[in-house]
Amino acid sequence: MALTKNERRLRIKNRIRKVVSGTEARPRLAVYRSNKEIYAQLVDDNTGNTISAASSRDKDISAAKATKSEVAKLVGKALAEKALKAGVEAVSFDRGGYLYHGRVKQLAEGAREAGLKF
């Protein structure tokens, strides 16, 4: 029987998570994308702590009248700024089973433009 789209994404996500993990020096940039919103957070997997997070629901980002791709780029920039304030310069990118395309790619490019190293 064929997998649903979400089951397929979760399989890919588990395959990625076997390899990608975050440390305090190089946290994991985890991405979650819903139909309307996009969320990103920096996670230290050794302690299970979230170092910083940003989403399209943040007040300054949600006030911007832009397309979903443009909003994703703003989220990436906001997360990178928060990360640099927290002393994080390099991250491991966890696309969460989503294709590196569209909003996920825009978020990554926004984070790179703001100074994060992948």
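Here goes a summary of the coordinates provided.

For the chain, the helix and strand inventory stands at four helices and four strands. What you see in the chain, going N to C, is helices and strands ordered as α-β-β-β-α-α-β-α. Buried positions account for 38% of the 118 residues belonging to the chain. Within the chain, counting contacts between residues at least 6 apart in sequence, those at least 24 apart form 62% of the total.

Another aspect to go through is the side chain of Ser-56. Following the sequence through the fold, Ser-56 ends up in the loop between strand 3 (49-55) and helix 2 (59-62). Here Ser-56 is in contact with Glu-37, Ile-38, Ile-61, Ser-62, Val-71 and Val-75, once residues within four sequence places are set aside.

Moving on, we get to the environment of Glu-37. Here Glu-37 shows up in the loop between strand 1 (28-33) and strand 2 (38-44). The partly exposed category is assigned to Glu-37, whose relative accessible area is 21%. Remark: the alpha-carbon pair of Glu-37 and Ser-55, spanning 18 residues in sequence, is separated by 7.4 Å. Not counting the four nearest positions on each side in its chain, Glu-37 is found in contact with Ser-56, Arg-57 and Arg-103.

A separate point is the sheet that holds strand 2. In spatial order, the strands read 3-2-1-4; together these four strands make up an open sheet with mixed pairing. Because the sheet does not close on itself, it has two edges, and the strands there are strand 3 and strand 4 (92-94). Sheet twist, expressed as the mean angle between neighbouring strand axes with direction ignored, is 20 degrees. Where strand 2 lies against strand 3, six bridges are found, and the strand directions are antiparallel. Bridging from a neighbouring strand, Gln-41 pairs with Ala-53 of strand 3. The sheet strands contacting helix 3 (residues 68-85) are strand 1, strand 2 and strand 3, and the helix crosses strand 3 at an angle near 145 degrees.

Under the counting rule described, the total for this entry stands at four aromatic pairs. Aromatic pair Phe-93 and Tyr-100: ring centres 6.1 Å apart, planes at 90 degrees, arrangement edge-to-face. The rings of Tyr-32, Tyr-39 and Tyr-98 are connected pair by pair, giving a single aromatic cluster. Above the plane of the ring of Phe-118 lies Arg-112, whose end atom (NZ or CZ) is 4.3 Å from the centre.

The rules behind these values
Counting starts from 1 at the beginning of each chain's written sequence and moves along it residue by residue. Given that this is a predicted model, residues contribute local features only at a pLDDT of at least 70 and side-chain atom pairs are listed and counted only at 80 or more, while totals for whole chains, interfaces and linings are drawn from all residues. Where side-chain values are given, they derive from all heavy atoms of the structure, hydrogens and water being excluded. Under the DSSP-based scheme used, a helix requires at least four consecutive residues in state H or I and a strand at least two consecutive residues in state E, with every element numbered from the N terminus. Exposure categories follow from relative accessible area, calculated using a 1.4 Å probe and restricted to protein chains: below 20% of the type maximum is buried, above 50% is exposed, and the middle band is partly exposed. Here, residues are in contact when the closest pair of their heavy atoms is within 4.5 Å. Note: two strands are recorded as paired if DSSP finds a minimum of 2 bridges between them. Axes here refer to lines fitted to C-alpha atoms; in helices the fit is confined to the stretch in contact. Angles between the N-to-C directions go from 0 to 180 degrees. Whether two aromatic rings pair depends on their centres lying within 6.5 Å, for rings of Phe, Tyr and Trp, where Trp uses its six-membered ring; planes under 30 degrees apart make the pair stacked, over 60 edge-to-face, and the rest tilted. A ring has a charge above it when a Lys NZ or an Arg CZ is no more than 6 Å from the ring centre and no more than 35 degrees off the ring normal.

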